[in-house]
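# Fold and geometry: a report
Now for the letters of each chain:
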Amino acid sequence: MANIAFLPIRFSRFIHHFSYYPRTDNSLDWITNINFEIEKHKIDLVMPIFENGIETLIKYKEKLDSDKLCFLPAFKDFRIARNKWLLAEHLVEHDIPVPKSFLYSTDMLFKIPQFKFPVIVKPTEVSGGGDGIFIFFHKEALNDFIEKNEFKYDQMIQEYVEGYDIGCSVLCESGKIKAYTIQKAIMLNSNPFKPLLGVEFVNNEGVYSTIEKLMQSLNWNGVAHIDLKFDKATHTFKVIEINPRFWGSLDASLIAGVNFPYLNCLMSLNEPFELPKYNYIPYYNLKGTVKRIIKNKSLIFNYGFIMKNTQVKYIIKDPIPVVLKYGIFFKNILKSKFRPKSKLPMA
């Protein structure tokens, strides 16, 4: 069910039925539509995917006609996880490592505190994907950026951490981790703030203990993906942000051995399961696979690696959504060539 009619996933061979409802200004209209779908299709579980849907269902869950909503966090905890500044404050309060951060609000005079450059500037509310994130290497460039731009969202300024990227995906019940994977970056995107192209699943007690403390402090329910960086100066794992939803590399966790959506269903239906183990393997998404093949052309003949460590087998099983997704992507690129260039600096 979605408010976008031409959504690539609706054409998946694994989708039994797709319902489209136009977006309205009233969230309760959406709840009414969900209730209709629950009754019409005898739905077992309602599982929101993206932040706006999750937040709306948390706020209005008492309006649902059934108790078929999957595990979701409390509204207060969800807001902390979604808002990068609220999260930074929460991390400091609970003595969980976090880069030094400062909130710049659109209604206040900007004053740069004593930061160690370089610093990152990012919106507090925009959801994932690396959009709107900039790095500045000296105070003058940062001042110029702030003075010349108007911002739709509050901006957070954060010291840049020198070290490697590492992430942890979790499924929790009342703050207790029921399933998890830890993955370390092995191939960055051309824009280092964009999603990773390659990861290696690892065991790391330092990351796990940090995330365990974080999830307990939020009394977290449901899924989340936490981005961290290893600070080579302090030898600590610092929490960068939380994606309080299903993440883009969900198939990577599946290949490694953990099926988070399925386990979320089991947990929501009170079906017991043991903490799943995952395999310590490398994984590359489609773009990462292509880059690896370009660098090492013999890899194209390594059928076992491509089937066991990349997205390719899922694309072969269900190609239409991927074809449509990249079709839309390239169409938008062509459109952007004819738009006026943004004046936003890439400092």
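Cut-offs applied
Throughout, residues of each chain are indexed from 1 in the direction in which the sequence is written. Selection of residues for local features in this predicted model requires a pLDDT of at least 70, selection of side-chain atom pairs for listing and counting requires 80 or more, and totals for whole chains, interfaces and linings are taken over all residues. Side-chain metrics rest on all non-hydrogen atoms present in the structure, leaving aside hydrogens and water. A pair of Phe, Tyr and Trp rings is counted when the ring centres sit within 6.5 Å of each other, with Trp represented by its six-membered ring. The angle between the planes then sorts it: under 30 degrees is stacked, over 60 is edge-to-face, the rest tilted. Each helix is a run of H or I in the DSSP string that is no shorter than four residues. Each strand is a run of E no shorter than two, and both are numbered from the N terminus. Two strands are said to pair when DSSP picks up at least two bridges between them. Note on method: axes are straight lines fitted to C-alpha atoms, helices fitted across the in-contact stretch only, with angles between N-to-C directions ranging 0 to 180 degrees. The contact criterion used throughout is that any non-hydrogen atoms of two residues lie within 4.5 Å. Whether a residue is buried, partly exposed or exposed follows from its accessible area with a 1.4 Å probe, protein chains only, as a fraction of its type maximum: under 20%, in between, or over 50%, in that order. To count toward a patch, a residue needs a relative accessible area over 30% and no salt bridge; like charges are then connected within 9 Å, while nonpolar side chains (Val, Leu, Ile, Met, Phe, Trp, Tyr) are connected within 5 Å. Accessibility throughout is a Shrake-Rupley quantity obtained with a 1.4 Å probe, and a residue counts as covered only by protein chains that appear here. Here a salt bridge means any side-chain nitrogen of Lys or Arg lying within 4 Å of a carboxyl oxygen belonging to Asp or Glu. None of His or the chain ends enter the tally, which takes Lys and Arg as positive and Asp and Glu as negative. Two N or O atoms form a polar contact when they lie within 3.5 Å of each other; inside protein one atom must be a possible hydrogen donor and the other a possible acceptor, and for residues adjacent in sequence the pair counts only when both atoms belong to side chains. Count a disulfide wherever a pair of cysteine sulfur atoms falls within 2.5 Å.

## Topic: the packing of aromatic side chains
Centre distance and the angle of the planes are the two values used to describe a pair of aromatic rings. Inspection of every chain in the model, using the stated rule, returns 15 aromatic pairs. Taken together, a centroid distance of 5.5 Å and an interplanar angle of 55° make the contact between F6 and F11 tilted. Plain terms: the ring middles of Y164 and F230 are 5.1 Å apart, the flat faces sit at 20° to each other, and that makes the pair stacked. A residue pair is termed long-range when its members are at least 10 positions apart, and Y164 in the loop between strand 4 (155-159) and strand 5 (165-173) and F230 in strand 8 (residues 222-231) qualify at 66 residues. Aromatic ring contacts, followed pair by pair, group Y104, F134, F136, F145 and F151 into a single cluster.

## Here's the deal with the sheet that holds strand 8
Taken together, six strands build an open sheet; the order of strands is 9-8-5-6-7-10 and the sheet is antiparallel. Two strands in the sheet have a free side with no partner beyond their single neighbour: strand 9 (236-243) and strand 10 (282-284). This sheet shows a mean twist of 30° between the axes of neighbouring strands, independent of strand direction. The pairing of strand 8 with strand 9 spans seven bridges and is classified as antiparallel. When the sheet's bridge partners are listed, D227 is paired in strand 9 with E241. The strands touched by helix 6 (residues 205-218) within the sheet are strand 5, strand 6 (176-187), strand 8 and strand 9, with strand 9 carrying the most contacts at an inclination of about 45°.

## A look at the pairing of strand 8
Within strand 8, nine of the 10 residues are buried, leaving the element largely enclosed by the surrounding structure. Where strand 8 hands over to strand 9, the hairpin turn is made up of four residues, of which H235 adopts a positive phi near 55°.

## Considering a nonpolar patch on the surface
Residues F6, F11 and I320 make up a contiguous nonpolar surface patch of about 290 Å² in total accessible area. Residue position: F11 is located in the segment before helix 1 (27-41).

## Considerations on the pattern of salt bridges
A side chain of one charge can pair with a side chain of the opposite charge if their charged atoms are brought near each other. Taken as a whole and judged by the stated rule, the model has eight salt bridges. Two residues, E39 and K42, come together in a salt bridge whose shortest N-O distance is 3.3 Å. K42 matches E39 in its accessibility class, with the two residues each being exposed. Of the charged contacts in the structure, one is a salt bridge between R79 and E125, with a shortest N-O distance of 2.6 Å. Linking R79 in helix 3 (residues 75-82) with E125 in the loop between strand 2 (119-123) and strand 3 (134-136), this pair joins segments that are 46 residues apart in sequence. Residue E125 is classed as buried on the basis of its relative accessible area, which comes to 18%. The structure contains a network of salt bridges with shared partners spanning E55, R79, R82 and E125.

## Remarks on the side chain of D318
The residue D318 is located in the loop between helix 11 (312-317) and helix 12 (319-336) in this model. Here D318 sits buried without a salt bridge, and the closest side chain of opposite charge, R13, lies 5.3 Å off (N-O distance). A polar side-chain atom of D318 sits 3.0 Å from the main-chain amide nitrogen of R13. Ignoring any residue separated from it by four or fewer positions in sequence, one finds D318 in contact with S12, R13 and F14.

## Comments concerning helix 8 (residues 260-268)
Buried within helix 8 are the following residues: F260, L263, N264, L266, M267 and S268. Elements in contact with the buried residues of helix 8: strand 5, strand 6, strand 8 and helix 7 (250-256). Of the residues flanking the start of helix 8, the one acting as N-cap is N259, its side-chain oxygen 3.2 Å from the backbone nitrogen of Y262. Backbone geometry just after helix 8 places N270 at a positive phi near 60°.

## Regarding the state of the cysteines
Under the defined criterion, the tally for this structure stands at zero disulfides. Sulfur of C70: no disulfide; nearest cysteine sulfur belongs to C265 and is 7.6 Å away. Overall, the relative accessible area of 5% leaves C70 in the buried class. Unpaired in this structure, C172 has its nearest cysteine sulfur neighbour in C168, at a distance of 8.5 Å. The exposure class assigned to C172 is buried, which follows from its relative accessible area of 0%.

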